[in-house]
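Residues per chain, in single letters:
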Amino acid sequence: MEARRRTNWLSFLLCIVLFAAAAWMTTGCGAKPAEEPSPAVSEAVAQDGDVLGEGETEFPLTIADKDGNEIALTIRTDKTVVGEALQELGLLEGEEGPYGLYVKIVNGIRADYDRDKVYWAFYINGEYALSGVDVTEITDGDTYALKVEQG
């Protein structure tokens, strides 16, 4: 248990460093040329109440956009990691970075800190997750959420 707590704490610290570095890079690099705003919503994969996937494991997932609009899904999978299950279903897209998967699109909703100063926050049982979606093992009874938040 102590090793897990240390790993969670280390993951939390790495997240803080990542956000600080991203903030420094965006403010420290001078003005950027004007860009066309990125679309907030593209084609949604799932609707509220959908049950997606097939498999022995089932878990609830809530997705909330920047306006607080939420959908509740049930995910079924044989994967063991939350992010792998969501990627397999086409619900989640991102880029690999030095700290793991940087989630940019969930259910067709883009949250790109580099462009819009919003990001996807990952929650487990209503608490801000100390691990990334790409390394969080699915635990029976846990609830998961991805929410767009202001940076």
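Residues numbered from 1 in each chain as written. Predicted model: local features only at pLDDT ≥ 70, side-chain atom pairs only at ≥ 80, totals over all residues. Heavy atoms only, no water.

**Topic: the sheet that holds strand S4 (residues 92-97)**
Here's step 1: Strand order across the open sheet formed by three strands is S4-S5-S6, with antiparallel pairing between neighbours. Where the open sheet ends on each side, the last strands, each with one partner, are S4 and strand S6 (109-110).
Here's step 2: Pairing of strand S5 (residues 100-106) with S6, which is carried by two bridges, proceeds in the antiparallel orientation. Paired with Val106 across the bridge in S6 is Ile109. (Pairing = 2+ DSSP bridges. Helix = DSSP H or I, 4+ residues; strand = E, 2+ residues; numbered from the N terminus.)

**Thoughts on the pairing of S4**
Here's step 1: Pairing analysis gives six bridges linking S4 to S5, with the strands arranged antiparallel. When the sheet's bridge partners are listed, Glu95 is paired in S5 with Tyr102.
Here's step 2: The antiparallel hairpin formed by S4 and S5 contains two residues in its connecting segment.

**Some words on the environment of Glu43**
Here's step 1: With respect to the element layout, Glu43 can be found in the loop between helix H1 (2-28) and strand S1 (51-52).
Here's step 2: Taking the C-alpha atoms as reference points, Glu43 and Asn107, 64 residues apart in sequence, are found 7.7 Å from one another.
Here's step 3: Once residues within four sequence positions are removed from consideration, Glu43 is found in contact with Asn107 and Gly108. (Contact = heavy atoms within 4.5 Å.)

**Focus: the environment of Arg110**
Here's step 1: Inspection of the secondary structure puts Arg110 in strand S6.
Here's step 2: Measuring from C-alpha to C-alpha, the distance between Arg110 and Leu92 comes to 10.0 Å, with 18 residues separating the pair along the chain.

**Quick notes on the pattern of salt bridges**
Here's step 1: Taken as a whole, this structure holds three salt bridges when the rule is applied.
Here's step 2: For Glu58, the salt bridge identified is with Arg76, shortest N-O distance 2.8 Å. Within this pair, whereas Glu58 is found in strand S2 (residues 57-64), its partner Arg76 is found in strand S3 (residues 70-77), the two being separated by 18 residues in sequence.
Here's step 3: Assessed through its relative accessible area of 44%, Glu58 is described here as partly exposed.
Here's step 4: Lys104 is the partner of Glu95 in a salt bridge, and the nearest nitrogen-oxygen pair spans 3.3 Å. (Salt bridge = Lys/Arg side-chain N within 4 Å of Asp/Glu carboxyl O. Buried < 20%, exposed > 50% of the residue type's maximum accessible area, 1.4 Å probe, protein only.)

**Thoughts on a negative patch on the surface**
Here's step 1: A cluster of like negative charges, contributed by Glu56, Asp78, Glu84 and Glu88, occupies part of the molecular surface.
Here's step 2: By secondary structure assignment, the location of Glu84 is in helix H2 (residues 82-88).
Here's step 3: Residue classification places Glu84 among the partly exposed positions, given a relative accessible area of 37%. (Patch = residues over 30% accessible without salt bridge, like charges linked within 9 Å, V, L, I, M, F, W, Y side chains within 5 Å. Areas by Shrake-Rupley, 256 points an atom, 1.4 Å probe, with all protein chains shown as cover. Lys, Arg positive; Asp, Glu negative; His and termini not counted. Charge placed at Lys NZ, Arg CZ, Asp CG, Glu CD.)

**Examining the side chain of Asn107**
Here's step 1: Checked against the element boundaries, Asn107 lands in the loop between S5 and S6.
Here's step 2: Judged by relative accessible area, which is 4%, Asn107 ranks as buried.
Here's step 3: Setting aside its immediate chain neighbours within four residues, Asn107 contacts Glu43, Ala44, Val45, Ala46, Ile63, Ile71 and Leu91.

**What to know about the pairing of strand S9 (residues 144-150)**
Here's step 1: In this structure, S2 lies alongside S9, joined through four bridges in parallel fashion. In the strand pairing of S9, Ala64 is matched with Lys147.
Here's step 2: Here strand S7 (residues 118-124) runs beside S9; their pairing, made up of seven bridges, is antiparallel. Residue pairing for S9: Ile124 is matched across the bridge by Tyr144.

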